[in-house]
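# An overview of the molecular structure
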Amino acid sequence: MGLGSMRPNPVPLGFVFRSRAKDEKAATADKASPTDSKQPRDPQAPKGRPTPKRSEAQGQRRSVANTSMTRKDAAKRQRGERRAQLEKQRQALAGGDERYLPVRDKGPVRKFARDFIDSRFNVAEFFLPMAVVILVLSMVRVGALQSIALLLWLVVIVLIVLDSFATGFRLKKRLAERFPDDNRKGAVAYALMRSLQMRRLRLPKPQVKRGERP
C-alpha cells in the first residue's frame, strides 16, 4: 500500500464551525438557566421580601382602588375639617387662645389693642343703651321731651367722637412704644371698632379687668 493511501481524510471546515457554535450555545444556556428560572423582582416590592405573585399584586391594586375616596367623600371630609376649625375658632374667641383666633385678631399688637380698650370705660360702648333711651323719648308726643332727645343725640355723638379721638391718639402712642418694629397698620381702627361694642358682647372675650393696665 502506498503512502498516498495512508493519508487521513480531511475534516470539512463547516462541520468544525457548527460543532463549536453548538458548544457555545449550550454553555450559554447552562449559565442563563439559573437566572431565568427566578421570577423577576417587582420594583414596588419592599427590599428583602419575595416578589408577590401576580394574583396577590392584582388584589392589592383592587383594594387600593376600592379604598380611594370619591368626590363626595372628599367634600364631606373637607366640610368636617372646616366645621372643626370653626369650632376651634369659636372656643378661641371665648377663651382667647391665640392659636385658633381668626387672622384679624391674631398677633401681640391686636391683643394689646384689645386689652387697652377693655381696661377702660369708653363712651362709645354705651351708645346702644343711650340710643334706646333717646328713641323712647323722641316717640313721646311732648315737645320738651322731644327737644331733650334731640339734644341728647348731639351730646352723645360729640362725646363719642372726642373720646374716640383721644383713645386712638393714646393707643397709637402706646403701640409705637411697645411695638416699634412690628406691623401696627389697622390696629387703632380695630380697637375703635371694638370700643363701639358693649363689653359683654365683645369677641374675643375681654381678658383684663377695667382699670387693669395692659
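In this report, we go over the structure that sits alongside the text. No experiment lies behind these values; they were computed from the predicted model shown.

The rules we used
Residues numbered from 1 in each chain as written. Predicted model: local features only at pLDDT ≥ 70, side-chain atom pairs only at ≥ 80, totals over all residues. Heavy atoms only, no water. Core = buried A, V, L, I, M, F, W, Y, C linked by side-chain atoms within 4.5 Å. Buried < 20%, exposed > 50% of the residue type's maximum accessible area, 1.4 Å probe, protein only. Helix = DSSP H or I, 4+ residues; strand = E, 2+ residues; numbered from the N terminus. Contact = heavy atoms within 4.5 Å. Polar contact = N/O pair within 3.5 Å; in protein donor to acceptor, adjacent residues only side chain to side chain. Phe/Tyr/Trp six-rings, centres within 6.5 Å; stacked < 30°, edge-to-face > 60°. Lys NZ or Arg CZ within 6 Å of the ring centre and 35° of its normal. Salt bridge = Lys/Arg side-chain N within 4 Å of Asp/Glu carboxyl O. Axes fitted to C-alpha atoms, helices over the stretch in contact; angles between N-to-C directions. Parallel < 35°, antiparallel > 145°, perpendicular 65-115°, else oblique. Left-handed = near helix turned anticlockwise from the far one by under 90°. Patch = residues over 30% accessible without salt bridge, like charges linked within 9 Å, V, L, I, M, F, W, Y side chains within 5 Å. Areas by Shrake-Rupley, 256 points an atom, 1.4 Å probe, with all protein chains shown as cover. Lys, Arg positive; Asp, Glu negative; His and termini not counted. Charge placed at Lys NZ, Arg CZ, Asp CG, Glu CD.

## Digging into the nonpolar core
- Among the nonpolar cores identified, the biggest contains 11 residues, and these are Val-109, Phe-112, Ala-113, Phe-116, Ile-117, Leu-171, Leu-175, Phe-179, Ala-187, Tyr-190 and Ala-191.
- Of all the elements in the fold, those that place two or more residues in this core are helix H4 (108-118), helix H6 (143-178) and helix H7 (187-195).
- Ranked by residues supplied to this core, first place goes to H4 with five residues.
- With residues up to four places along the chain from it excluded, the contact list for Ala-187 reads Val-109, Arg-110, Ala-113, Leu-171 and Leu-175.
- Counting residues in each nonpolar core, the second largest holds five residues, with Ala-124, Ala-149, Val-156 and Ile-160 among its members.

## Brief notes about the side chain of Asp-118
- By the secondary structure assignment, Asp-118 is in helix H4.
- Of the residues examined, Asp-118 reaches a relative accessible area of 1% and is grouped as buried.
- Among the polar contacts made by the side chain of Asp-118, one reaches the side chain of Arg-202 at a distance of 2.8 Å.
- Excluding anything up to four places from it in sequence, Asp-118 contacts Arg-194, Arg-199, Arg-202, Pro-206, Gln-207, Val-208, Lys-209 and Arg-210.

## Side note on the packing of aromatic side chains
- Applying the stated criterion across every chain, the model contains three aromatic pairs.
- Aromatic side chains Phe-127 and Trp-153 sit 6.1 Å apart centroid to centroid with 55 degrees between the ring planes, which places their arrangement in the tilted category. With Phe-127 in helix H5 (residues 127-139) and Trp-153 in helix H6, this pair connects stretches of sequence that are 26 residues apart.
- When its relative accessible area of 32% is taken as the criterion, Phe-127 is described as partly exposed.
- Here Trp-153 falls in the partly exposed class, since its relative accessible area comes to 30%.
- Every member of this aromatic cluster is reached through a ring pair, and the members are Phe-112, Phe-116 and Phe-179.
- The side chain of Arg-110 reaches across the aromatic face of Tyr-190, ending 4.8 Å from its centre.

## Topic: the pattern of salt bridges
- Taken as a whole, this structure holds eight salt bridges when the rule is applied.
- The salt bridge involving Arg-104 is made with Asp-105; its shortest N-O contact spans 3.2 Å.
- The exposure class assigned to Asp-105 is buried, which follows from its relative accessible area of 0%.
- Across the salt bridge formed by Asp-118 and Arg-194, the nearest N and O atoms sit 3.0 Å from each other. Of this pair, Asp-118 sits in helix H4 while Arg-194 sits in helix H7, placing them 76 residues apart in sequence.

## Structural notes on the packing of H5 against H6
- Between H5 and H6, the least distance of the axes is 8 Å, while the angle of their chain directions is 160 degrees. Classed by the angle they form, the pair H5 and H6 counts as roughly antiparallel. H5 and H6 meet at a crossing whose hand is left-handed. Facing H5, whose interface residues are Phe-127, Met-130, Ala-131, Ile-134, Leu-137 and Ser-138, H6 presents Leu-145, Gln-146, Ala-149, Leu-152, Trp-153, Val-156 and Ile-160.

## Some remarks on a positive patch on the surface
- A cluster of basic side chains, namely Lys-72, Lys-76, Arg-79, Arg-82 and Arg-83, defines a positive patch on the protein surface.
- Relative to the helices and strands, Lys-72 resides in helix H3 (residues 71-95).
- Owing to a relative accessible area of 68%, Lys-72 belongs among the exposed residues under this scheme.

## With respect to a nonpolar patch on the surface
- Taken together, the side chains of Phe-127, Trp-153, Ile-157 and Val-161 present a nonpolar region at the surface, about 340 Å² in accessible area.
- Relative to the helices and strands, Ile-157 is located in helix H6.
- Judged by its relative accessible area of 45%, Ile-157 is partly exposed.

## Some remarks on the environment of Ala-187
- Within the secondary structure layout, Ala-187 lies in helix H7.
- On the accessibility criterion, Ala-187 (0% relative accessible area) is buried.
- Expressed as a C-alpha distance, the spacing of Ala-187 and Ala-113, which sit 74 residues apart in the sequence, is 6.6 Å.

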